[in-house]
Amino acid sequence: MSKRVAVMDLGTNTFHLLIASGTAHNYQEIVHLHESVKLGEGGINKGYILPEAFARGINTMLQFQQQIEANGVEQVRAIATSALRSASNGNDFINEVKAKTGISIEIIDGAQEAEFIYNGVRLCGCLSGGSSLIMDIGGGSVEFILGNADHIIYKQSFEIGAARLMDLFHRTDPIPAASIQALNLYLEDKLSDLFKAVTNHKVEVLIGSSGAFETFAGLIEIEKGEEFDLKKNVSYTFNETELLTLTNQLVQSTHQKRAGNKAIIPVRVDMIVVASLITRFIMHKLQIGNVMMCTNSLKEGVLAGMLD
């Protein structure tokens, strides 16, 4: 029998647990949980995890530990990214998790995060011989990976995640035109390294890794009266006009309208606005019309390494 492994991706908004067995290219999911922890809520740009968020994180880790024990897992990796990386009390959180659950959390840097995301997306089969730009919009950071089916050409993590941008720019709802303008100028400045890196490469496709892109795909298909099941759709190709129309609607929408839409999970109800703005900004700036979604991201990349 193949070994059972558990991967935890401890993000700024969501903690994920994936328990699986099999091989990297053919694994069976045994447990797949995602809990809206909102670790960055209220403190993300101050570099501090607030007590309520801290408690939510600890409780979720206790819940994950019960699942790991109940399912006879033999190997565990818990990976922490932007929020724990930048929080002054991140180590307190790590120590408390270790004391209460026995789980050792590894904090990885942005370059490692980007590499895991690339490995996850590569498993999806979305990459070709041409250059693709992978974008993973997290709560704390956004990773960009330029590469093809064979290798990474460029990778970088930027601390411009949806929770950070929301805290800086999306203070009133719907988001005002002046805030959108300010956000675009901010991205223009913060992403200058990315623009330099892609100058000499023809980017054939923008691949959105999980998160907001799953919501975009679901909203478009449900609007057409189609069923949309992420378990059956590991990748999805957008129609450029449909995607731009949808992101435009989301940007102009009210909190109430988004919250009333069952296709938007609660943790994404507000973050989807800045995620829409980043997506549109990149499409326009780099003149990319071909956009895909891949459900794989960091945790599948970590899993691949554990199962091989």
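As a starting point, this report considers the structure included with it. Keep in mind that this is a model prediction, so the values were computed, not measured.

### Section: the sheet that holds strand β7 (residues 142-147)
And then number 1: An order of β8-β7-β6-β9-β11-β10 is seen for the six strands of this open sheet, with the pairing classed as mixed. Of all the strands in the sheet, just β8 (152-158) and β10 (235-237) have a single pairing partner and so form its edges. Put simply, the sheet's adjacent strands are angled 20 degrees from each other on average, direction ignored.
And then number 2: Relative to the sheet, helix α8 (residues 212-223) contacts β6 (131-137), β9 (203-209), β10 and β11 (291-294), its axis offset from that of β11 by approximately 110 degrees.

### Quick word on the sheet that holds strand β5 (residues 105-107)
And then number 1: In space, the five strands of this open sheet follow the order β3-β2-β1-β4-β5, with mixed pairing throughout. At either margin of the open sheet sits one strand with a lone partner, and together these are β3 (26-36) and β5. Between one strand and the next, the sheet's axes are offset by a mean angle of 20 degrees, whatever the strand orientation.
And then number 2: With seven bridges connecting them, strand β1 (residues 4-10) and strand β2 (residues 14-23) associate as antiparallel partners. In the sheet register, aspartate 9 faces β2, and the bridge partner there is histidine 16.
And then number 3: Each of β1, β2, β3 and β4 (75-80) touches helix α12 (residues 298-307); the most contacted strand, β1, lies at about 150 degrees to it.

### What to know about the side chain of arginine 280
And then number 1: With respect to the helices and strands, the residue arginine 280 is situated in helix α11 (residues 271-285).
And then number 2: Although arginine 280 is buried, it makes no salt bridge; glutamate 240 carries the closest opposite charge, 9.7 Å away.
And then number 3: Those residues in contact with arginine 280 that sit more than four places away from it in its chain are Leu244, Thr247 and Asn248.

### Here's the deal with the packing of aromatic side chains
And then number 1: All chains considered together, the criterion is met by nine aromatic pairs.
And then number 2: Seen in terms of ring centroids, phenylalanine 144 and phenylalanine 158 are 5.9 Å apart; in terms of plane orientation they differ by 75 degrees. Their pairing is edge-to-face. Here phenylalanine 144, found in strand β7, pairs with phenylalanine 158, found in strand β8; they are 14 residues apart in sequence, far enough to count as distant. Each member of the pair, phenylalanine 144 together with phenylalanine 158, is buried.
And then number 3: Ring geometry for phenylalanine 195 against phenylalanine 281: centres 6.2 Å apart, planes inclined by 50 degrees, an arrangement best described as tilted. With phenylalanine 195 in helix α7 (residues 192-198) and phenylalanine 281 in helix α11, this pair connects stretches of sequence that are 86 residues apart.
And then number 4: Given the relative accessible area of 9%, phenylalanine 281 is considered buried.
And then number 5: An aromatic cluster of at least three residues, connected via ring pairs, comprises Phe213, Phe216, Phe228, Tyr236 and Phe238.
And then number 6: Residue placement shows lysine 285 over the ring face of phenylalanine 195; its charged tip is 4.8 Å from the ring centre.

### Notes on unusual backbone geometry
And then number 1: Note the cis peptide between aspartate 173 and proline 174, where omega equals -5 degrees.
And then number 2: Following the sequence through the fold, proline 174 ends up in the loop between α5 (162-169) and α6 (177-190).
And then number 3: The phi angle at serine 210 is positive, at roughly 45 degrees, despite the residue not being glycine.
And then number 4: By secondary structure assignment, the location of serine 210 is in the loop between β9 and α8.

### Considering α8
And then number 1: With 12 residues, α8 extends 17 Å between its outermost C-alpha atoms, agreeing within 8% with the 16 Å of an ideal straight helix rising 1.5 Å per residue.
And then number 2: Burial of α8 is extensive: 10 of the 12 residues sit out of reach of the surface.
And then number 3: For α8, every residue scored as buried is listed here: Ala212, Phe213, Glu214, Thr215, Phe216, Ala217, Gly218, Leu219, Ile220 and Glu221.
And then number 4: Considering only its buried residues, α8 is in contact with β6, β9, β10, α9 (240-252), α11 and β11.
And then number 5: The first or second residue beyond α8 is glycine 225, which carries a positive phi of 80 degrees.

### Side note on empty space enclosed by the protein
And then number 1: Per the stated rule, a full pass over the model turns up one cavity of 30 Å³ or more.
And then number 2: The volume enclosed by the largest cavity comes to roughly 50 Å³.
And then number 3: Of the residues assigned to the lining of the largest cavity, the class counts are six nonpolar, four polar and no charged.

### Quick notes on α11
And then number 1: For α11, built from 15 residues, the straight-helix expectation of 21 Å at 1.5 Å per residue is met to within 8% by its first-to-last C-alpha distance of 21 Å.
And then number 2: A large share of α11 lies buried, amounting to 13 of its 15 residues.

### Description of the packing of α8 against α11
And then number 1: Relative to each other, α8 and α11 sit at 90 degrees, their axes nearing to 10 Å. Of the possible angle classes, the one that applies to α8 and α11 is roughly perpendicular. Of the residues in α11, those touching α8 at Ala212, Phe213, Thr215 and Phe216 are Ile272, Ala275, Ser276 and Thr279.
And then number 2: Per-class residue counts for the contact of α8 with α11 are five nonpolar, three polar and no charged.

Quick notes on the rules
Residues numbered from 1 in each chain as written. Predicted model: local features only at pLDDT ≥ 70, side-chain atom pairs only at ≥ 80, totals over all residues. Heavy atoms only, no water. Pairing = 2+ DSSP bridges. Helix = DSSP H or I, 4+ residues; strand = E, 2+ residues; numbered from the N terminus. Axes fitted to C-alpha atoms, helices over the stretch in contact; angles between N-to-C directions. Contact = heavy atoms within 4.5 Å. Buried < 20%, exposed > 50% of the residue type's maximum accessible area, 1.4 Å probe, protein only. Lys, Arg positive; Asp, Glu negative; His and termini not counted. Salt bridge = Lys/Arg side-chain N within 4 Å of Asp/Glu carboxyl O. Phe/Tyr/Trp six-rings, centres within 6.5 Å; stacked < 30°, edge-to-face > 60°. Lys NZ or Arg CZ within 6 Å of the ring centre and 35° of its normal. Expected span 1.5 Å × (residues − 1). 1 Å grid on protein atoms, 1.4 Å probe; cavity = no way out; pocket = protein on both sides within 12 Å on 5 of 7 lines; lining within 4 Å. Points joined across faces, edges and corners; volume = space filled by probe spheres on them. Nonpolar A, V, L, I, M, F, W, Y, C, P; charged D, E, K, R; others polar. Parallel < 35°, antiparallel > 145°, perpendicular 65-115°, else oblique.

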